[in-house]
Amino acid sequence: MNTKLATSLFVIAASLLPIAGYTADTVTASPKAYAKDSVITTKVKAELAGEKLSSLLHIKVKTDDKGVVTLSGTVKTQEAADKAVSIAQAVTGVTSVESKIKIVAGK
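Cut-offs used in this document
Residues numbered from 1 in each chain as written. Predicted model: local features only at pLDDT ≥ 70, side-chain atom pairs only at ≥ 80, totals over all residues. Heavy atoms only, no water. Buried < 20%, exposed > 50% of the residue type's maximum accessible area, 1.4 Å probe, protein only. Helix = DSSP H or I, 4+ residues; strand = E, 2+ residues; numbered from the N terminus. Pairing = 2+ DSSP bridges. Axes fitted to C-alpha atoms, helices over the stretch in contact; angles between N-to-C directions. Contact = heavy atoms within 4.5 Å.

## Some points on the pairing of strand S2 (residues 68-75)
- Judged by which residues are buried, S2 turns out to be one-sided: Val 69, Leu 71, Gly 73 and Val 75 face inward and are buried, whereas Val 68, Thr 70, Ser 72 and Thr 74, on the alternate face, are not.
- Pairing analysis gives 5 bridges linking strand S1 (residues 59-63) to S2, with the strands arranged antiparallel. Bridging from a neighbouring strand, Thr 63 pairs with Val 69 of S2.
- Hairpin geometry of S1 and S2 is characterised by an intervening segment of 4 residues between the two adjacent antiparallel strands and by a positive phi of about 85 degrees at Gly 67.
- Relative to strand S3 (residues 96-103), S2 is paired through 8 bridges, and the arrangement is parallel. From the neighbouring strand, Val 68 faces S3, where its bridge partner is Ser 96.

## Concerning the sheet that holds S2
- Taken together, the 3 strands give an open sheet; going across it, the order is S1-S2-S3, and neighbouring strands pair in mixed fashion. Looking along the sheet, the strands with just one partner apiece sit at the ends: S1 and S3. Within the sheet, the average angular offset between the axes of one strand and its neighbour, ignoring direction, is 10 degrees.
- Here helix H3 (residues 78-89) sits on the sheet and contacts S1, S2 and S3; the angle it forms with S3, its principal contact strand, is near 160 degrees.

Rendered as structure tokens:
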């Protein structure tokens with residue numbers, strides 16, 4: 001009886017081992033890094049919302065694990081796009097800013 005139980009448990013454990021190894025490989029960033037990225041994103045969004053330019057509210061913000069902020073969306077003028085980039089650069093923790101903002105004059 002004990003041998004049967006031990007054999008069954010060994011077979012179950014051996015079949016679950018590849019699953020445990022796979023889940024360990026899929027984790028790419030630590031929770032600490034993810035929290036840091038989301039804090040930077042939130043700070044940039046708050047600074048953009050604090051400006052009096054309504055077109056800055058249409059900008060999307062993403063931050064990677066190295067502190068690189070990517071801005072995307074549309075604004076009315078080049079000045080608004082430049083302002084968004086300078087606001088993002090001034091936030092603590094931002095290492096660089098990549099602008100994918102499009103200027104749409106009729107917006």
